[in-house]
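Summary of the model geometry
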Amino acid sequence: PDPPGGWPVWPATQSLNHTYLSSHRAEQAKSRKAMGVVEGPTKARDAVLSILPFLPAGFLLVDLLDDPVPIVRSWLTYGLSGDWVGISPEHSSIAGEEVVAPPVGSQLLAYVIVAFLGYLATSSLVPKIKVYTLRKGICGKDLGKRGSSIADKDVPEALGIVPGAIFMICLILCLVGYATSHPTKLLDCNSALLSICFMLFLGFTDDVLDWPWRYKLFLPSVASLPLLCCYNGSTSIVMPIQMRPMLVRDGELTALAKVAQHFVTVDENDNGRIVNLGFVYLIYMGMLAVFCTNAINIYAGINGLEAGQSYVMGCAVLLHNLIEIRLGTASSENHLFSAMIMLSFISVTLALLRHNWYPASVFVGDTFCYFAGMTFAVVGILGHFSKTLLLFFIPQIINFIWSMPQLFRLVPCPRHRLPKFNPETGLMEPSTFPCSKDQYRWLKRRPDDTVVANMTVINLFLQILGPTSERTLCIVLLGFQFLSCAFAFLLRYKFAQLIFDE
(Lines give C-alpha, C1' and ligand atoms only; values in the text may rest on other atoms or scores of the structure.)
Protein backbone atom coordinates (compact mmCIF):
# COMPACT_ATOMS: atom_id res chain seq x y z
CA PRO A 1 0.00 0.00 0.00
CA ASP A 2 1.06 3.57 -0.58
CA PRO A 3 2.44 5.27 2.49
CA PRO A 4 0.51 8.23 3.94
CA GLY A 5 1.12 11.31 1.82
CA GLY A 6 2.17 9.17 -1.19
CA TRP A 7 5.62 8.22 -2.38
CA PRO A 8 8.16 11.03 -2.54
CA VAL A 9 9.00 12.53 -5.95
CA TRP A 10 12.71 12.84 -6.43
CA PRO A 11 13.97 16.18 -7.84
CA ALA A 12 15.42 14.58 -10.95
CA THR A 13 12.14 12.80 -11.73
CA GLN A 14 10.18 15.99 -11.07
CA SER A 15 12.45 17.91 -13.46
CA LEU A 16 12.01 15.30 -16.20
CA ASN A 17 8.22 15.35 -15.79
CA HIS A 18 8.21 19.15 -16.00
CA THR A 19 10.38 19.08 -19.14
CA TYR A 20 8.12 16.47 -20.76
CA LEU A 21 4.95 18.39 -19.94
CA SER A 22 6.45 21.64 -21.24
CA SER A 23 7.51 20.06 -24.53
CA HIS A 24 4.17 18.27 -24.85
CA ARG A 25 2.27 21.52 -24.33
CA ALA A 26 4.51 23.28 -26.82
CA GLU A 27 3.81 20.57 -29.41
CA GLN A 28 0.07 20.85 -28.74
CA ALA A 29 0.19 24.63 -29.11
CA LYS A 30 2.14 24.31 -32.37
CA SER A 31 -0.36 21.74 -33.64
CA ARG A 32 -3.33 23.97 -32.73
CA LYS A 33 -1.61 26.90 -34.42
CA ALA A 34 -1.01 24.94 -37.62
CA MET A 35 -4.65 23.78 -37.60
CA GLY A 36 -5.86 27.36 -37.21
CA VAL A 37 -7.34 26.94 -33.74
CA VAL A 38 -7.90 30.29 -32.04
CA GLU A 39 -8.03 30.48 -28.25
CA GLY A 40 -10.87 32.16 -26.35
CA PRO A 41 -8.95 35.27 -25.16
CA THR A 42 -7.72 35.82 -28.72
CA LYS A 43 -11.29 35.77 -30.03
CA ALA A 44 -12.30 38.32 -27.40
CA ARG A 45 -9.43 40.62 -28.40
CA ASP A 46 -10.39 40.30 -32.07
CA ALA A 47 -13.99 41.22 -31.22
CA VAL A 48 -12.81 44.34 -29.39
CA LEU A 49 -10.51 45.29 -32.27
CA SER A 50 -13.39 44.98 -34.74
CA ILE A 51 -15.31 47.70 -32.88
CA LEU A 52 -12.49 50.27 -32.99
CA PRO A 53 -12.96 51.45 -36.62
CA PHE A 54 -16.65 52.12 -35.95
CA LEU A 55 -16.19 54.06 -32.68
CA PRO A 56 -15.63 57.57 -34.18
CA ALA A 57 -18.65 57.24 -36.47
CA GLY A 58 -20.63 55.58 -33.68
CA PHE A 59 -20.13 58.45 -31.23
CA LEU A 60 -21.15 61.01 -33.85
CA LEU A 61 -24.11 58.88 -34.89
CA VAL A 62 -25.39 58.68 -31.31
CA ASP A 63 -25.09 62.45 -31.02
CA LEU A 64 -27.09 62.98 -34.22
CA LEU A 65 -29.80 60.54 -33.14
CA ASP A 66 -30.47 62.70 -30.08
CA ASP A 67 -33.19 61.03 -27.97
CA PRO A 68 -34.64 57.98 -29.76
CA VAL A 69 -37.56 57.49 -27.32
CA PRO A 70 -39.76 60.35 -28.66
CA ILE A 71 -38.90 59.32 -32.21
CA VAL A 72 -40.00 55.71 -31.66
CA ARG A 73 -43.13 56.96 -29.92
CA SER A 74 -43.87 59.15 -32.95
CA TRP A 75 -43.44 56.15 -35.26
CA LEU A 76 -45.92 54.13 -33.21
CA THR A 77 -48.38 57.02 -33.23
CA TYR A 78 -47.92 57.39 -36.98
CA GLY A 79 -48.62 53.70 -37.51
CA LEU A 80 -51.87 53.96 -35.55
CA SER A 81 -53.17 57.35 -36.69
CA GLY A 82 -51.49 57.90 -40.07
CA ASP A 83 -50.00 61.27 -39.04
CA TRP A 84 -46.56 62.33 -37.81
CA VAL A 85 -46.82 63.47 -34.17
CA GLY A 86 -44.13 65.32 -32.25
CA ILE A 87 -41.79 65.72 -35.24
CA SER A 88 -40.94 69.04 -36.83
CA PRO A 89 -40.98 68.17 -40.55
CA GLU A 90 -39.06 69.68 -43.39
CA HIS A 91 -41.17 70.19 -46.49
CA SER A 92 -40.56 69.45 -50.14
CA SER A 93 -43.00 69.24 -53.00
CA ILE A 94 -43.54 67.13 -56.06
CA ALA A 95 -46.29 67.61 -58.63
CA GLY A 96 -47.72 70.39 -56.48
CA GLU A 97 -48.27 68.13 -53.46
CA GLU A 98 -46.55 68.60 -50.14
CA VAL A 99 -44.23 65.78 -49.04
CA VAL A 100 -43.16 65.47 -45.43
CA ALA A 101 -39.51 64.66 -44.75
CA PRO A 102 -38.81 63.39 -41.19
CA PRO A 103 -35.89 64.94 -39.29
CA VAL A 104 -32.43 63.58 -39.95
CA GLY A 105 -32.29 61.99 -36.49
CA SER A 106 -35.39 59.86 -37.06
CA GLN A 107 -34.22 58.81 -40.52
CA LEU A 108 -30.82 57.75 -39.22
CA LEU A 109 -32.47 55.78 -36.41
CA ALA A 110 -34.57 53.90 -38.95
CA TYR A 111 -31.47 53.09 -40.99
CA VAL A 112 -29.63 51.89 -37.85
CA ILE A 113 -32.50 49.53 -36.97
CA VAL A 114 -32.58 48.09 -40.49
CA ALA A 115 -28.77 47.72 -40.44
CA PHE A 116 -28.90 45.87 -37.12
CA LEU A 117 -31.47 43.45 -38.51
CA GLY A 118 -29.22 42.99 -41.55
CA TYR A 119 -26.31 42.08 -39.26
CA LEU A 120 -28.39 39.45 -37.45
CA ALA A 121 -29.69 37.98 -40.71
CA THR A 122 -26.25 37.78 -42.34
CA SER A 123 -24.59 36.34 -39.26
CA SER A 124 -27.17 33.56 -38.99
CA LEU A 125 -27.51 32.78 -42.71
CA VAL A 126 -23.82 32.44 -43.64
CA PRO A 127 -23.38 29.10 -41.75
CA LYS A 128 -26.59 27.79 -43.35
CA ILE A 129 -25.90 28.86 -46.93
CA LYS A 130 -22.34 27.50 -46.88
CA VAL A 131 -23.83 24.00 -46.67
CA TYR A 132 -25.49 24.56 -50.06
CA THR A 133 -22.32 25.91 -51.69
CA LEU A 134 -20.38 22.86 -50.47
CA ARG A 135 -23.11 20.59 -51.80
CA LYS A 136 -22.82 22.21 -55.25
CA GLY A 137 -19.03 22.10 -55.24
CA ILE A 138 -18.58 25.88 -54.92
CA CYS A 139 -15.60 25.59 -52.61
CA GLY A 140 -11.82 25.82 -52.63
CA LYS A 141 -8.66 25.08 -50.70
CA ASP A 142 -7.03 27.60 -48.41
CA LEU A 143 -3.73 28.16 -50.23
CA GLY A 144 -2.39 29.95 -47.18
CA LYS A 145 -2.48 26.68 -45.21
CA ARG A 146 -0.41 24.50 -47.56
CA GLY A 147 1.52 21.90 -45.63
CA SER A 148 -0.77 22.01 -42.59
CA SER A 149 -3.28 19.40 -41.48
CA ILE A 150 -6.20 21.44 -42.87
CA ALA A 151 -4.64 22.16 -46.27
CA ASP A 152 -6.99 19.72 -48.05
CA LYS A 153 -10.14 20.86 -46.27
CA ASP A 154 -12.86 22.23 -48.57
CA VAL A 155 -13.79 25.80 -47.63
CA PRO A 156 -17.13 27.16 -48.94
CA GLU A 157 -16.60 29.93 -51.49
CA ALA A 158 -18.62 32.84 -52.90
CA LEU A 159 -20.33 33.47 -49.54
CA GLY A 160 -20.29 37.16 -50.40
CA ILE A 161 -23.64 36.43 -52.02
CA VAL A 162 -25.23 36.27 -48.54
CA PRO A 163 -24.30 39.76 -47.30
CA GLY A 164 -24.90 41.06 -50.82
CA ALA A 165 -28.46 39.72 -50.91
CA ILE A 166 -29.22 40.86 -47.35
CA PHE A 167 -27.77 44.28 -48.18
CA MET A 168 -30.08 44.59 -51.18
CA ILE A 169 -33.09 43.76 -48.99
CA CYS A 170 -32.01 46.30 -46.35
CA LEU A 171 -31.42 48.92 -49.02
CA ILE A 172 -34.84 48.37 -50.57
CA LEU A 173 -36.49 48.75 -47.15
CA CYS A 174 -34.56 51.97 -46.51
CA LEU A 175 -35.26 53.33 -49.97
CA VAL A 176 -39.02 52.94 -49.53
CA GLY A 177 -38.95 55.59 -46.82
CA TYR A 178 -36.09 57.62 -48.25
CA ALA A 179 -37.56 58.00 -51.74
CA THR A 180 -40.96 58.89 -50.24
CA SER A 181 -39.54 61.75 -48.19
CA HIS A 182 -36.91 62.72 -50.81
CA PRO A 183 -38.78 62.28 -54.13
CA THR A 184 -36.11 64.13 -56.11
CA LYS A 185 -33.64 61.34 -55.22
CA LEU A 186 -35.79 58.49 -56.54
CA LEU A 187 -33.72 58.17 -59.72
CA ASP A 188 -30.52 57.98 -57.68
CA CYS A 189 -32.03 55.22 -55.54
CA ASN A 190 -32.98 53.09 -58.54
CA SER A 191 -29.63 53.56 -60.29
CA ALA A 192 -27.79 52.58 -57.09
CA LEU A 193 -29.82 49.38 -56.80
CA LEU A 194 -29.28 48.54 -60.47
CA SER A 195 -25.49 49.06 -60.41
CA ILE A 196 -24.89 47.15 -57.16
CA CYS A 197 -27.18 44.30 -58.21
CA PHE A 198 -25.38 44.01 -61.56
CA MET A 199 -21.96 43.74 -59.86
CA LEU A 200 -23.28 41.27 -57.30
CA PHE A 201 -24.49 39.07 -60.15
CA LEU A 202 -21.19 39.48 -62.04
CA GLY A 203 -19.15 38.58 -58.96
CA PHE A 204 -21.12 35.41 -58.27
CA THR A 205 -20.89 34.26 -61.89
CA ASP A 206 -17.15 34.97 -61.77
CA ASP A 207 -16.79 32.70 -58.73
CA VAL A 208 -18.68 29.96 -60.55
CA LEU A 209 -17.38 30.41 -64.13
CA ASP A 210 -14.02 32.16 -63.53
CA TRP A 211 -14.31 35.00 -66.05
CA PRO A 212 -11.17 36.19 -67.91
CA TRP A 213 -9.67 39.49 -66.75
CA ARG A 214 -10.75 41.35 -69.90
CA TYR A 215 -14.40 40.94 -68.84
CA LYS A 216 -13.64 41.97 -65.26
CA LEU A 217 -12.28 45.27 -66.54
CA PHE A 218 -15.04 45.95 -69.05
CA LEU A 219 -18.24 44.97 -67.22
CA PRO A 220 -17.82 47.34 -64.22
CA SER A 221 -17.82 50.18 -66.76
CA VAL A 222 -21.21 48.98 -68.01
CA ALA A 223 -22.47 48.70 -64.42
CA SER A 224 -21.52 52.32 -63.76
CA LEU A 225 -23.61 53.67 -66.68
CA PRO A 226 -26.84 53.97 -64.64
CA LEU A 227 -24.95 56.10 -62.12
CA LEU A 228 -23.45 58.34 -64.78
CA CYS A 229 -26.76 58.75 -66.63
CA CYS A 230 -28.57 60.06 -63.55
CA TYR A 231 -25.64 62.11 -62.21
CA ASN A 232 -26.80 65.71 -61.94
CA GLY A 233 -23.99 67.17 -59.86
CA SER A 234 -21.23 69.53 -60.84
CA THR A 235 -18.47 68.47 -63.21
CA SER A 236 -16.26 71.39 -62.19
CA ILE A 237 -13.29 71.24 -59.83
CA VAL A 238 -11.55 73.90 -57.76
CA MET A 239 -7.88 74.17 -58.69
CA PRO A 240 -5.22 74.42 -55.97
CA ILE A 241 -3.96 77.96 -55.35
CA GLN A 242 -0.44 76.96 -56.37
CA MET A 243 -1.56 75.70 -59.81
CA ARG A 244 -3.75 78.63 -60.86
CA PRO A 245 -0.84 80.72 -62.27
CA MET A 246 -0.15 77.80 -64.64
CA LEU A 247 -3.59 78.38 -66.22
CA VAL A 248 -4.21 82.13 -66.00
CA ARG A 249 -1.53 84.81 -65.72
CA ASP A 250 -2.18 88.57 -65.83
CA GLY A 251 -5.81 87.91 -66.73
CA GLU A 252 -4.96 85.82 -69.81
CA LEU A 253 -4.86 82.10 -70.46
CA THR A 254 -1.43 80.50 -70.53
CA ALA A 255 -0.26 78.17 -73.30
CA LEU A 256 -1.09 75.18 -71.10
CA ALA A 257 -4.63 76.44 -70.53
CA LYS A 258 -5.16 77.05 -74.26
CA VAL A 259 -4.23 73.44 -74.99
CA ALA A 260 -6.46 72.23 -72.15
CA GLN A 261 -9.37 74.25 -73.55
CA HIS A 262 -9.78 71.60 -76.27
CA PHE A 263 -10.91 69.13 -73.58
CA VAL A 264 -12.01 71.20 -70.56
CA THR A 265 -13.19 74.74 -69.80
CA VAL A 266 -10.94 77.04 -67.78
CA ASP A 267 -12.75 79.95 -66.08
CA GLU A 268 -10.67 82.89 -67.23
CA ASN A 269 -12.78 85.42 -65.32
CA ASP A 270 -12.04 83.65 -62.02
CA ASN A 271 -8.25 83.57 -62.61
CA GLY A 272 -8.19 79.82 -63.21
CA ARG A 273 -9.87 78.94 -59.93
CA ILE A 274 -12.59 76.80 -61.55
CA VAL A 275 -12.07 74.22 -64.30
CA ASN A 276 -15.12 72.51 -65.78
CA LEU A 277 -14.03 69.01 -66.79
CA GLY A 278 -17.36 68.20 -68.44
CA PHE A 279 -17.32 64.80 -70.14
CA VAL A 280 -13.82 64.12 -68.80
CA TYR A 281 -15.24 64.10 -65.27
CA LEU A 282 -17.81 61.48 -66.26
CA ILE A 283 -15.01 59.32 -67.69
CA TYR A 284 -13.15 59.72 -64.41
CA MET A 285 -16.18 58.50 -62.44
CA GLY A 286 -16.58 55.52 -64.75
CA MET A 287 -12.93 54.62 -64.21
CA LEU A 288 -13.47 55.09 -60.47
CA ALA A 289 -16.08 52.32 -60.54
CA VAL A 290 -13.65 50.00 -62.34
CA PHE A 291 -10.86 50.83 -59.89
CA CYS A 292 -12.97 50.33 -56.75
CA THR A 293 -14.24 46.90 -57.81
CA ASN A 294 -10.81 45.58 -58.82
CA ALA A 295 -8.67 47.32 -56.17
CA ILE A 296 -10.25 45.29 -53.36
CA ASN A 297 -10.00 42.13 -55.46
CA ILE A 298 -6.22 42.34 -56.01
CA TYR A 299 -5.49 43.46 -52.44
CA ALA A 300 -6.43 40.10 -50.96
CA GLY A 301 -5.08 36.64 -50.24
CA ILE A 302 -5.24 36.12 -46.47
CA ASN A 303 -8.17 35.38 -44.19
CA GLY A 304 -10.23 38.43 -43.31
CA LEU A 305 -8.46 41.00 -45.48
CA GLU A 306 -11.14 41.61 -48.14
CA ALA A 307 -14.00 41.98 -45.67
CA GLY A 308 -11.76 43.73 -43.13
CA GLN A 309 -10.52 46.48 -45.45
CA SER A 310 -14.06 47.06 -46.73
CA TYR A 311 -15.34 47.35 -43.17
CA VAL A 312 -12.66 49.90 -42.19
CA MET A 313 -13.24 51.99 -45.34
CA GLY A 314 -17.01 51.78 -44.84
CA CYS A 315 -16.64 53.17 -41.30
CA ALA A 316 -14.45 55.99 -42.67
CA VAL A 317 -16.99 56.89 -45.38
CA LEU A 318 -19.80 56.85 -42.81
CA LEU A 319 -17.80 59.16 -40.52
CA HIS A 320 -17.24 61.56 -43.41
CA ASN A 321 -20.98 61.53 -44.18
CA LEU A 322 -21.93 62.22 -40.56
CA ILE A 323 -19.42 65.05 -40.27
CA GLU A 324 -20.88 66.74 -43.35
CA ILE A 325 -24.43 66.22 -42.04
CA ARG A 326 -23.43 67.67 -38.67
CA LEU A 327 -21.82 70.70 -40.33
CA GLY A 328 -25.02 71.28 -42.33
CA THR A 329 -23.25 71.68 -45.65
CA ALA A 330 -25.07 72.23 -48.92
CA SER A 331 -24.63 68.54 -49.81
CA SER A 332 -26.10 67.20 -46.54
CA GLU A 333 -28.92 65.44 -48.40
CA ASN A 334 -26.43 63.58 -50.58
CA HIS A 335 -24.43 62.54 -47.52
CA LEU A 336 -27.61 61.31 -45.82
CA PHE A 337 -28.21 59.12 -48.87
CA SER A 338 -24.64 57.79 -48.57
CA ALA A 339 -24.99 57.20 -44.81
CA MET A 340 -28.15 55.18 -45.43
CA ILE A 341 -26.22 52.87 -47.79
CA MET A 342 -23.11 52.67 -45.60
CA LEU A 343 -24.95 51.69 -42.41
CA SER A 344 -26.41 48.58 -44.05
CA PHE A 345 -23.11 47.83 -45.81
CA ILE A 346 -21.07 48.05 -42.60
CA SER A 347 -23.47 45.77 -40.74
CA VAL A 348 -23.52 42.95 -43.29
CA THR A 349 -19.75 43.22 -43.84
CA LEU A 350 -19.04 42.94 -40.11
CA ALA A 351 -21.27 39.86 -39.93
CA LEU A 352 -19.39 38.29 -42.85
CA LEU A 353 -16.05 39.17 -41.24
CA ARG A 354 -16.97 37.04 -38.22
CA HIS A 355 -16.95 33.94 -40.45
CA ASN A 356 -14.10 35.02 -42.75
CA TRP A 357 -11.72 35.96 -39.93
CA TYR A 358 -8.74 33.69 -39.26
CA PRO A 359 -9.18 30.76 -39.42
CA ALA A 360 -11.76 31.38 -42.15
CA SER A 361 -14.74 29.04 -42.25
CA VAL A 362 -15.91 30.65 -45.52
CA PHE A 363 -14.36 32.56 -48.42
CA VAL A 364 -15.97 35.82 -49.55
CA GLY A 365 -15.03 35.32 -53.21
CA ASP A 366 -15.13 37.83 -56.04
CA THR A 367 -18.84 38.19 -55.25
CA PHE A 368 -18.10 40.29 -52.21
CA CYS A 369 -15.16 42.19 -53.74
CA TYR A 370 -17.23 43.41 -56.70
CA PHE A 371 -20.28 44.14 -54.57
CA ALA A 372 -18.21 46.11 -52.03
CA GLY A 373 -16.28 48.02 -54.69
CA MET A 374 -19.42 49.08 -56.56
CA THR A 375 -21.07 50.12 -53.28
CA PHE A 376 -18.18 52.50 -52.61
CA ALA A 377 -18.39 53.80 -56.17
CA VAL A 378 -22.14 54.39 -55.78
CA VAL A 379 -21.83 56.47 -52.61
CA GLY A 380 -18.83 58.36 -54.00
CA ILE A 381 -20.59 59.29 -57.25
CA LEU A 382 -24.14 59.87 -56.04
CA GLY A 383 -22.94 61.37 -52.76
CA HIS A 384 -20.83 63.84 -54.79
CA PHE A 385 -17.56 63.14 -52.95
CA SER A 386 -15.76 60.93 -55.48
CA LYS A 387 -12.44 62.76 -54.98
CA THR A 388 -12.60 62.37 -51.19
CA LEU A 389 -13.46 58.68 -51.61
CA LEU A 390 -10.10 58.03 -53.26
CA LEU A 391 -8.33 59.26 -50.11
CA PHE A 392 -9.76 56.27 -48.22
CA PHE A 393 -8.25 53.93 -50.85
CA ILE A 394 -4.61 54.88 -50.13
CA PRO A 395 -3.45 51.27 -49.36
CA GLN A 396 -5.29 49.99 -52.44
CA ILE A 397 -3.70 52.70 -54.61
CA ILE A 398 -0.24 51.85 -53.24
CA ASN A 399 -0.88 48.15 -53.88
CA PHE A 400 -2.03 48.86 -57.44
CA ILE A 401 0.99 51.07 -58.24
CA TRP A 402 3.42 48.59 -56.69
CA SER A 403 1.76 45.71 -58.60
CA MET A 404 1.77 47.45 -61.98
CA PRO A 405 5.02 45.84 -63.28
CA GLN A 406 3.49 42.40 -62.72
CA LEU A 407 -0.04 43.34 -63.81
CA PHE A 408 1.31 44.69 -67.10
CA ARG A 409 3.66 41.69 -67.53
CA LEU A 410 6.87 43.72 -67.25
CA VAL A 411 7.79 41.27 -64.50
CA PRO A 412 6.66 37.60 -64.36
CA CYS A 413 3.27 37.39 -62.66
CA PRO A 414 2.17 34.03 -61.17
CA ARG A 415 -1.54 33.26 -61.04
CA HIS A 416 -1.51 33.45 -57.23
CA ARG A 417 0.68 36.05 -55.52
CA LEU A 418 -0.54 35.49 -51.98
CA PRO A 419 2.11 34.85 -49.29
CA LYS A 420 3.25 31.30 -48.66
CA PHE A 421 2.78 29.32 -45.46
CA ASN A 422 5.74 27.67 -43.76
CA PRO A 423 4.37 24.53 -42.05
CA GLU A 424 7.48 24.15 -39.87
CA THR A 425 7.11 27.54 -38.21
CA GLY A 426 3.40 28.11 -38.79
CA LEU A 427 4.19 31.59 -40.14
CA MET A 428 3.58 33.39 -43.43
CA GLU A 429 6.50 34.34 -45.66
CA PRO A 430 6.69 36.37 -48.90
CA SER A 431 5.86 34.40 -52.03
CA THR A 432 8.42 34.61 -54.83
CA PHE A 433 9.02 33.96 -58.52
CA PRO A 434 12.31 32.57 -59.93
CA CYS A 435 14.77 34.59 -61.98
CA SER A 436 18.44 34.59 -62.96
CA LYS A 437 21.10 36.51 -61.04
CA ASP A 438 21.30 39.31 -63.58
CA GLN A 439 17.52 39.89 -63.80
CA TYR A 440 15.38 42.36 -61.84
CA ARG A 441 18.24 43.58 -59.67
CA TRP A 442 16.18 46.64 -58.75
CA LEU A 443 13.76 44.33 -56.96
CA LYS A 444 16.30 42.15 -55.15
CA ARG A 445 17.47 42.56 -51.61
CA ARG A 446 20.78 40.87 -52.49
CA PRO A 447 22.40 40.90 -55.98
CA ASP A 448 22.93 37.11 -56.03
CA ASP A 449 19.31 36.19 -55.25
CA THR A 450 17.62 33.87 -57.73
CA VAL A 451 14.10 34.60 -56.48
CA VAL A 452 12.17 37.84 -56.18
CA ALA A 453 9.21 38.54 -53.89
CA ASN A 454 5.90 39.10 -55.65
CA MET A 455 4.99 42.78 -55.85
CA THR A 456 2.08 43.20 -53.48
CA VAL A 457 1.71 45.26 -50.32
CA ILE A 458 1.10 42.04 -48.38
CA ASN A 459 4.47 40.60 -49.41
CA LEU A 460 6.08 44.00 -48.89
CA PHE A 461 4.92 44.04 -45.26
CA LEU A 462 6.25 40.50 -44.78
CA GLN A 463 9.62 41.62 -46.13
CA ILE A 464 9.63 44.47 -43.61
CA LEU A 465 8.24 42.58 -40.61
CA GLY A 466 9.72 39.16 -41.31
CA PRO A 467 7.78 35.87 -41.00
CA THR A 468 4.44 36.56 -39.30
CA SER A 469 1.33 34.60 -38.45
CA GLU A 470 -1.62 35.08 -40.80
CA ARG A 471 -3.82 36.59 -38.09
CA THR A 472 -1.15 39.09 -37.01
CA LEU A 473 -0.41 40.01 -40.63
CA CYS A 474 -4.08 40.76 -41.28
CA ILE A 475 -4.33 42.90 -38.14
CA VAL A 476 -1.24 44.88 -39.20
CA LEU A 477 -2.65 45.46 -42.70
CA LEU A 478 -6.02 46.54 -41.32
CA GLY A 479 -4.19 48.82 -38.87
CA PHE A 480 -2.42 50.35 -41.86
CA GLN A 481 -5.82 50.82 -43.52
CA PHE A 482 -7.16 52.51 -40.39
CA LEU A 483 -4.17 54.88 -40.15
CA SER A 484 -4.47 55.66 -43.87
CA CYS A 485 -8.12 56.63 -43.39
CA ALA A 486 -7.13 58.83 -40.43
CA PHE A 487 -4.49 60.48 -42.64
CA ALA A 488 -7.18 60.97 -45.30
CA PHE A 489 -9.30 62.94 -42.82
CA LEU A 490 -6.25 65.04 -41.97
CA LEU A 491 -5.78 65.81 -45.66
CA ARG A 492 -9.48 66.50 -46.23
CA TYR A 493 -10.17 68.80 -43.29
CA LYS A 494 -6.77 70.32 -42.41
CA PHE A 495 -4.24 70.15 -45.23
CA ALA A 496 -6.82 71.11 -47.88
CA GLN A 497 -7.07 74.56 -46.30
CA LEU A 498 -3.46 75.22 -47.30
CA ILE A 499 -4.01 74.61 -51.02
CA PHE A 500 -7.61 75.75 -51.45
CA ASP A 501 -9.11 79.10 -50.51
CA GLU A 502 -12.34 77.62 -49.16
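See the structure shown above.
A short tour of the structure in this document, coming up. This one's a predicted model, so the numbers in the text were calculated from it and none came from an experiment. (Residues numbered from 1 in each chain as written. Predicted model: local features only at pLDDT ≥ 70, side-chain atom pairs only at ≥ 80, totals over all residues. Heavy atoms only, no water.)

1. What to know about the overall build of the protein chain
Each helix and strand counted, the protein chain has 18 helices and 13 strands in total. Within the protein chain, buried positions represent 48% of all 502 residues. Looking at the protein chain alone, contacts between residues at least 24 apart form 73% of all its contacts between residues at least 6 apart. Put simply, the protein chain shows about 25,300 Å² of open surface, and 65% of that area lies on carbon and sulfur atoms. (Helix = DSSP H or I, 4+ residues; strand = E, 2+ residues; numbered from the N terminus. Buried < 20%, exposed > 50% of the residue type's maximum accessible area, 1.4 Å probe, protein only. Contact = heavy atoms within 4.5 Å. Areas by Shrake-Rupley, 256 points an atom, 1.4 Å probe, with all protein chains shown as cover.)

2. Observations regarding the environment of Ile 302
With respect to the helices, strands and loops of the structure, Ile 302 is situated in the loop between α11 (279-298) and α12 (305-327). Linking Ile 302 and Glu 470, residues 168 residues apart in sequence, is a C-alpha distance of 6.8 Å. With residues up to four places along the chain from it excluded, the contact list for Ile 302 reads Pro 419, Glu 470, Leu 473, Cys 474 and Leu 477.

3. Description of the environment of Asp 267
Relative to the elements of secondary structure, Asp 267 occurs in the loop between β8 (265-266) and β9 (274-276). Take Asp 267: its relative accessible area is 30%, and that puts it in the partly exposed class. Along the backbone, Asp 267 and Val 248 are 19 residues apart, and their C-alpha atoms lie at a distance of 8.8 Å. Contact partners of Asp 267, with chain neighbours within four places excluded, come to Gly 272 and Ile 274.

4. Observations regarding the packing of helix α7 (residues 186-209) against helix α14 (residues 365-382)
In the contact formed by α7 and α14, the axes pass within 7 Å of each other and the chain directions differ by 160°. For the element pair α7 / α14, the angle class is roughly antiparallel. Of the two possible hands of crossing, α7 and α14 adopt the one that is right-handed. Two secondary-structure elements touch here, α7 through Asp 188, Ser 191, Ala 192, Ser 195, Ile 196, Met 199, Leu 200, Leu 202, Gly 203, Phe 204, Asp 206 and Asp 207 and α14 through Gly 365, Asp 366, Thr 367, Tyr 370, Phe 371, Met 374, Thr 375, Val 378 and Leu 382. (Axes fitted to C-alpha atoms, helices over the stretch in contact; angles between N-to-C directions. Parallel < 35°, antiparallel > 145°, perpendicular 65-115°, else oblique. Left-handed = near helix turned anticlockwise from the far one by under 90°.)

5. Side note on the pattern of salt bridges
With the rule as written, the count across this model stands at nine salt bridges. Asp 270 is paired through a salt bridge with Arg 273; the nearest N and O atoms lie 3.3 Å apart. For Asp 449, the salt bridge identified is with Arg 446, shortest N-O distance 3.3 Å. Overall, Asp 449 belongs to the buried group, its relative accessible area being 16%. Look at Arg 446 and you get exposed, because its relative accessible area is 52%. One salt-bridge network, held together by shared partners, links Asp 142, Lys 145 and Glu 470. (Salt bridge = Lys/Arg side-chain N within 4 Å of Asp/Glu carboxyl O.)

6. Brief notes about helix α16 (residues 394-407)
Taking 1.5 Å per residue as the helical rise, α16 with its 14 residues ought to reach 20 Å, and the 18 Å between its terminal C-alpha atoms agrees with that figure. Along its length, α16 reaches its greatest deviation from straightness, about 30°, at Ile 401, and the proline Pro 405 lies no more than four positions downstream. Every buried residue of α16 is listed here: Ile 394, Pro 395, Gln 396, Asn 399, Ser 403, Pro 405 and Gln 406. Looking at the buried side of α16, the elements it contacts are α11, α12, α15 (386-391), β12 (432-434), α17 (457-465) and α18 (470-499). (Expected span 1.5 Å × (residues − 1). Bend = angle between axes of the 7 residues up to and from the residue.)

7. Some thoughts on the packing of aromatic side chains
Taken as a whole and judged by the stated rule, the model has 15 aromatic pairs. Ring geometry for Phe 489 and Tyr 493: centres 6.3 Å apart, planes at 10°, overall stacked. Taken together, the residues Phe 489 and Tyr 493, both in helix α18 and four residues apart, mark about one turn of the helix. Of the two residues, Phe 489 and Tyr 493, neither departs from the other in class, the shared state being buried. Every member of this aromatic cluster is reached through a ring pair, and the members are Phe 167, Phe 291, Phe 345, Phe 368, Phe 371, Phe 376, Phe 393 and Phe 400. (Phe/Tyr/Trp six-rings, centres within 6.5 Å; stacked < 30°, edge-to-face > 60°.)

8. Points about α12
The end-to-end C-alpha distance of α12, which contains 23 residues, comes to 33 Å, matching closely the 33 Å that a straight helix rising 1.5 Å per residue would cover. Of all 23 residues in α12, 20 are buried, a share of seventy percent or more. Directly after α12, the chain includes Gly 328, whose backbone phi takes a positive value near 70°.

9. Some details on the side chain of Ser 195
Locating Ser 195 in the fold gives a position in helix α7. Accessibility expressed as a relative area gives 1% for Ser 195, which makes it buried. Not counting chain neighbours up to four residues away, the residues in contact with Ser 195 comprise Ala 223, Pro 226, Leu 227, Met 374 and Val 378.

10. A short note on the sheet that holds β9
Whenever strands of a sheet pair, they do so through backbone hydrogen bonds, lying parallel or antiparallel. Pairing is antiparallel across the open sheet formed by three strands, whose spatial order is β5-β9-β8. Both edges of this open sheet fall to β5 (236-238) and β8, since each of them pairs with a single strand only. Here three bridges tie β5 to β9, and the two strands are oriented antiparallel to one another. Bridge pairing in β9 links Val 238 to Ile 274. (Pairing = 2+ DSSP bridges.)

11. Brief notes about the packing of α12 against helix α13 (residues 332-356)
Axis separation between α12 and α13 bottoms out at 8 Å; the angle between their running directions is 155°. By the angle between their directions, the pair α12 and α13 is classed as roughly antiparallel. The element α12 and its partner α13 pack so that their crossing is left-handed. Residues of the contact of α12 with α13, tallied by class, amount to 15 nonpolar, 10 polar and two charged. (Nonpolar A, V, L, I, M, F, W, Y, C, P; charged D, E, K, R; others polar.)

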